[in-house]
Amino acid sequence: MLIKRMLHAALLLTFFAVLSGVLVAVSFQMTYQQIKANERAYLLRTLNVLIPYQQYDNDLFTDIREVQNEALLGTDEPVMIYRARQAGQPIAAVLTPVAPDGYNGHIRLLVGINYEGILIGVRVLSHKETPGLGDNIDMRRSNWILGFNGRSLIHPDESGWKVKRDGGIFDQFTSATITARAVVKALHNTLLFFKQSRDEIFAD
Ligand SMILES: Cc1cc2nc3c(=O)[nH]c(=O)nc-3n(C[C@H](O)[C@H](O)[C@H](O)COP(=O)(O)O)c2cc1C
């Protein structure tokens, strides 16, 4: 009788353990899918902010290319590039590099560069920086990211592509220099990548 009761209790325990495991897994998957869907919706909206739709006549969302360059794009995973063309001529590209050395890890960026190699807009796609400190890179928190518009590899030159604390021209945030430094470095590297790969990016 006792053994039967113990067996019953053990079975119940196992059932609830499995059930709660399944529930956690399902809710994780649903949250993950929702985050991915939100990121994609934000991406699509932002692409058109970086390159106004009057400036291109191709389908930006399908004229894409994947590239890989861990040293300059901050990730060993393929990086998506959206290409804008007008009457077949390349106009601009939007790259999705990573700043790998944020204070709390990866900062995923959306970087618009015109054919001449000038930044036409930058946005943060995702980050884990601290609210009130590093999250000022996000347009929803401050306009800091707009300070890169019009910048290129010659404006400023290499020595200027640092935060002011390191002798460059870009503002850092009070008590959050690491975040700003990571973004500045990632943008400079992305411009270097664009310069060396532009023909390849727009080929085909
Ligand atoms: C809880 C906590 C969260 C922090 N979050 C960030 C952050 O998001 N970004 C950042 O650059 N520094 C952050 N810091 C500060 C860094 O440790 C470091 O002190 C700072 O980046 C150096 O910048 P400063 O020279 O302007 O003080 C954080 C520090 C603490 C204690």
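Residues numbered from 1 in each chain as written. Predicted model: local features only at pLDDT ≥ 70, side-chain atom pairs only at ≥ 80, totals over all residues.

A. A look at the overall build of the protein. Summing up its helical and strand segments, the protein has three helices and six strands in all. Counting from the amino terminus, helix and strand elements in the protein follow one another as α-β-α-β-β-β-β-β-α. Scaling as 2.2 N^0.38, a compact globule of 204 residues should have a C-alpha radius of gyration of about 17 Å, whereas the protein reaches 23 Å, well beyond that. With the principal axes as the frame, the protein shows a C-alpha extent of 85 × 45 × 30 Å. (Helix = DSSP H or I, 4+ residues; strand = E, 2+ residues; numbered from the N terminus. Rg over C-alpha atoms; globule rule 2.2 N^0.38 Å.)

B. Spatial organisation of the pairing of strand β5 (residues 105-114). For β5, the buried fraction is high: seven of the ten residues fall into the buried class. For strand β3 (residues 89-95) and β5, the ladder comprises four bridges, and the chain directions are antiparallel. The residue of β5 that forms the bridge with Leu 95 is Val 111. Sheet topology note: the strand β4 (residues 98-102)/β5 ladder contains three bridges and is antiparallel. (Buried ≥ 20, exposed ≤ 12 C-beta atoms within 10 Å, placed from the backbone. Pairing = 2+ DSSP bridges.)

C. Summary view of the nonpolar core. If you look at the biggest cluster of nonpolar residues, it comprises 39 residues, and the most contacted ones within it are Val 94, Val 111, Ile 113 and Val 183. At the level of secondary structure, the elements contributing two or more residues to this core comprise β2 (79-86), β3, β4, β5, β6 (119-126) and α3 (177-202). Considering every element that reaches this core, the biggest residue donor is α3, with nine residues. Sequence-distant contacts of Val 111, defined by excluding residues within four places in its chain, comprise Val 94, Leu 95, Pro 97, Leu 119, Val 122, Leu 187 and Thr 190. (Core = buried A, V, L, I, M, F, W, Y, C linked by C-beta atoms within 7 Å. Contact = placed C-beta atoms within 7 Å.)

D. Local environment of the domain arrangement of the protein. Taken domain by domain, the protein comprises domain 1 (1-50) and domain 2 (56-202). Distance between the C-alpha centres of domain 1 and domain 2: 34 Å. Listed as interface residues are seven residues of domain 1 and, on the opposing side, eleven residues of domain 2. Partitioned by chemical class, the residues of the side of domain 1 that touches domain 2 number five nonpolar, one polar and one charged. (Domains from an automatic or database assignment. Nonpolar A, V, L, I, M, F, W, Y, C, P; charged D, E, K, R; others polar.)

E. Expanded view of the site of the ligand. Around the ligand sit 13 residues, and of these Tyr 103, Thr 130, Gly 134, Thr 177 and Ile 178 come closest. Within the shell around the ligand, the residues separate by chemical class into four nonpolar, eight polar and one charged. (Near = placed C-beta within 6 Å.)

F. Structural view of the environment of Met 139. Topologically, Met 139 is positioned in the loop between β6 and α3. A C-alpha to C-alpha distance of 9.6 Å links Met 139 and Val 122, two positions 17 residues apart in sequence. Among all residues touching Met 139, those that are not within four sequence positions of it are Arg 123 and Ile 145.

G. View of the pairing of β2. As defined by bridge partners, strand β1 (residues 64-67) adjoins β2 across four bridges and the pair is classed as antiparallel. Bridge assignment links Val 67 to a residue of β2, and that residue is Val 79. With six bridges joining them, β2 and β3 adopt antiparallel strand pairing. Among the inter-strand pairings, Ala 84 is bridged to a residue of β3, identified as Ala 92. Between β2 and β3, which follow one another and run antiparallel, lie two residues, and Ala 87 among them has a positive phi close to 50°.

H. Main features of α3. With 26 residues, α3 should cover 38 Å at 1.5 Å per step; its first-to-last C-alpha distance of 35 Å lies within 8% of that length. Along α3, the largest kink reaches about 60° and is centred on Gln 196. (Expected span 1.5 Å × (residues − 1). Bend = angle between axes of the 7 residues up to and from the residue.)

I. View of unusual backbone geometry. For the bond running from His 155 to Pro 156, omega is 10°, close enough to zero to count as cis. Mapped onto the fold, Pro 156 is located in the loop between β6 and α3. We note that Ala 87 has phi near 50°; this positive angle belongs to a residue other than glycine. Looking at where Ala 87 falls in the secondary structure, it is placed in the loop between β2 and β3. Of the residues examined, Ala 87 has 8 C-beta atoms within 10 Å and is grouped as exposed. With phi around 75°, Asp 204 is a residue other than glycine that occupies positive phi space. Tracing the chain through its elements places Asp 204 in the segment after α3.

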